[in-house]
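Each chain, letter by letter, is given below.
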Amino acid sequence: MITSLKVSNFRCLRSIEVALGGLTVLIGKNDTGKTSFLDAILALGSLVQGGDDNAPPWTFENALSRGAAEGRIEWLARVAPSPRNELPGAARYRLALGPPGATGPRTQVALEEGTIDGADASVCLGGATDARNAGERGRFARERGEERGPVQSHLTALSEVRGQRGFENLNRLRTSVASVVKYRIDPARLSQSSPLLENDGRLAFDGSGLPSALDHLLGTDREAFDLVENELGMAIPQIRRIRLRTAKVPAPGRPQEVAGKALHFELRAGGDVPASQVSDGALLVLAYLTLLYGPDAPAILLIEEPENGIHPRQLERVVRYLRSLTGEERAARRCQVVVATHSPYLLDFVDRSEVVVFGRRDDGASVAVPLQQLRGVNERLEAGYTLGELWYTAGENELLRDVLAGSPAP
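Source: prediction; values computed, not measured. (Residues numbered from 1 in each chain as written. Predicted model: local features only at pLDDT ≥ 70, side-chain atom pairs only at ≥ 80, totals over all residues. Heavy atoms only, no water.)

### Looking at the pairing of strand β13 (residues 258–267)
Piece 1. Judged by how many residues are buried, β13 sits mostly within the fold: 7 of 10 residues are covered.
Piece 2. Summarising the sheet, strand β11 (residues 194–195) and β13 pair through 2 bridges and their orientation is antiparallel. Residue pairing in the sheet places Pro195 in a bridge with Gly260 of β13.
Piece 3. As paired elements, β13 and strand β14 (residues 272–274) share 3 bridges and run antiparallel to each other. Paired with Glu266 across the strands is Asp272, a residue of β14.
Piece 4. Between the end of β13 and the start of β14, which pair antiparallel, lie 4 residues, with Gly270 showing a positive phi angle near 105°. (Buried < 20%, exposed > 50% of the residue type's maximum accessible area, 1.4 Å probe, protein only. Helix = DSSP H or I, 4+ residues; strand = E, 2+ residues; numbered from the N terminus. Pairing = 2+ DSSP bridges.)

Structure follows, in C-alpha cells:
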C-alpha cells in the first residue's frame, strides 16, 4: 500500500504530498487538482507497468506544469509491506521523467531498511545500450533511444526485470505501484450489452462491459455471483434476480456482430426487464458490487465522483462496499481506494482522518491538506457538526484560508 505520494510538476501539482490510507477521500472545488492527483497516480502506474499498451494518454509537454522551475515531472511513493506485495520492509519508489531526448530521467527504488535482494535499483532512460545487471547490490540499468515518441520511450524501461532472479523485491514493489485502475462510471454504459471476446471479468474505466463481467463471475465463482445478487436485492428490494441473456452485439474491429450478453432483471412483482429500464442508481450499485466481488482487483482503485446517479441514502452502502475492498481480511486481494467527490452526503460516511482538502493558490499551484489538520475543524466536529455539514457550511476557502494565504500547511 502506498502510504504517501509526492508529485512535482504534474499539471497544477507543482509540489504536493498526500498521505494515503486504505480509503482516502479527496474534496475541493472544481479545478483544484483532485483529478490531476488521481491522474498522477494512474500515470505513475502506467510508467512503472511498462509496455506500449500502457502508454498514458498525455504527452510530457502537456503534463509538465507551466512555469516549472525544473523541466521534469517527479513522483516519490512510500510503500508499506502488505500481504499483497510481500515486501520485507518499508520501501520508496522515486521516478523523475524528463523531456524527450533528455539523459537525466531515472527511476530509483530502495528499501528504507537497507538493500535486500536487489530492491535497490536504478533504471536510466535515454541513450542506446542494453540492459545489464551491475553487481551484488542488484543495480539495474537500461538505456533506450527515443524512437517510440515522447512518452512511449519511457514505458518499457522496467520490463526486463520481470521474472529475473535477484529482483524479487523490486518486482514486488512494482506490483504495489503499477496495479492501478481509474473509474469514472457512466450509468448509460452499464446498461449496454457487451461482447464476450477476451472476457476477463473486468469493467472498463467507464463501466462498459458489465454484462460480460457478471457472466465471467457467474462462470468462475458462483458463490461470489450469489453474493452480488443478494446484496443487490437488499439495496434495491424490487429486484429479485440478475439475468444474463445471450445476445449479438457489435465489437470493435469486427465487421459483424459477435456473441455477447445482455443484462436483465427479474422483478419481485413479476416480469423481466432489460437493464435500460431500471434506475441509474440500481446499475451503479451493481457496478460497485461487481468491483467488490469480481476477480483480480487492482492494488490501487481510483474513483471519480462515485455519488453520480446514486440516491444520498444509498451512498452509505456504496462507501461500505468501497471500504470492504480495503479490509485486511482480503489479504492479497486487498485494494487501496482513492475517491474524489463533490458530495457532502458521502462525507458523512467516512472518518475525518480519511479526508484531504484540495485548493489552489492565486499563482495556480494546488495545495492538499488533511482535513483534521485544518484550523477549527476538530472544534466544529466536537460541537456537533457532521463532516458533510462542516464542508458545506464552511467551504474550502474558509477551511484552507491560512494555507491559501501562503502559510505553511499544518
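### A closer look at the sheet that holds strand β18 (residues 366–370)
Piece 1. One open sheet accounts for 6 strands, arranged β10-β15-β16-β3-β17-β18; its pairing is mixed. Each edge of the open sheet carries a strand with a single partner, namely β10 (180–183) and β18. Along the sheet, successive strands turn relative to each other by an average axial angle of 20°, direction set aside.
Piece 2. Direction of pairing for strand β15 (residues 300–304) relative to strand β16 (residues 336–340): parallel, over a ladder of 5 bridges. Bridge pairing in β16 links Ile303 to Val339. (Axes fitted to C-alpha atoms, helices over the stretch in contact; angles between N-to-C directions.)

### As for the pattern of salt bridges
Piece 1. The tally for this structure, following the rule as stated, stands at 19 salt bridges.
Piece 2. Among the ionic pairs, Asp39 bridges to Arg11, the shortest N-O distance being 2.6 Å. Of this pair, Asp39 sits in helix α1 (residues 34–49) while Arg11 is found in the loop between β1 (2–10) and β2 (13–19), placing the two residues 28 residues apart along the sequence.
Piece 3. Exposure remark for Asp39: the relative accessible area of 14% places this residue in the buried category.
Piece 4. Given the relative accessible area of 30%, Arg11 is considered partly exposed.
Piece 5. Here Glu266 ties to Arg240 by a salt bridge, and the two come within 3.4 Å at their closest N and O atoms. Here Glu266 is found in strand β13, whereas its partner Arg240 is found in strand β12 (residues 239–249), with 26 residues between them in sequence.
Piece 6. Overall, the relative accessible area of 22% leaves Glu266 in the partly exposed class.
Piece 7. Under the relative-accessibility criterion, Arg240 is labelled partly exposed at 38%. (Salt bridge = Lys/Arg side-chain N within 4 Å of Asp/Glu carboxyl O.)

### Structural notes on the confidence of the model for the protein
Piece 1. Put simply, the protein has an average pLDDT of 82, and 80% of its residues get 70 or more.
Piece 2. Element-level pLDDT for the protein is lowest in strand β8 (residues 132–133), with a mean of 28, against a maximum mean of 98 in strand β3 (residues 23–27).
Piece 3. Long-range and interchain partners of residues 113–161, a stretch whose pLDDT sits below 50, account for 123 contacts in this model, where long-range means more than four residues apart. (pLDDT = per-residue confidence, 0-100. Contact = heavy atoms within 4.5 Å.)

### A look at the side chain of Ser8
Piece 1. Considering the arrangement of structural elements, one finds Ser8 in strand β1.
Piece 2. Ser8 has contacts with Leu13, Arg14, Ser15, Arg72, Ile73 and Glu74, leaving out every residue within four places of it along the chain.

### Side note on the nonpolar core
Piece 1. Leu263 and Phe265 are the most contacted members of the largest nonpolar core, which has 66 residues in total.
Piece 2. For this core, the leading source of residues is helix α7 (residues 280–293), giving 10 residues.
Piece 3. When neighbours within four sequence positions are excluded, Phe265 is seen to be in contact with Leu232, Ile239, Arg241, Ile242, Gly271, Asp272, Val273, Ala275, Val278, Leu283 and Leu286.
Piece 4. Of all hydrophobic cores here, the second largest spans 42 residues; its members include Ile2, Val18, Val79 and Tyr93. (Core = buried A, V, L, I, M, F, W, Y, C linked by side-chain atoms within 4.5 Å.)

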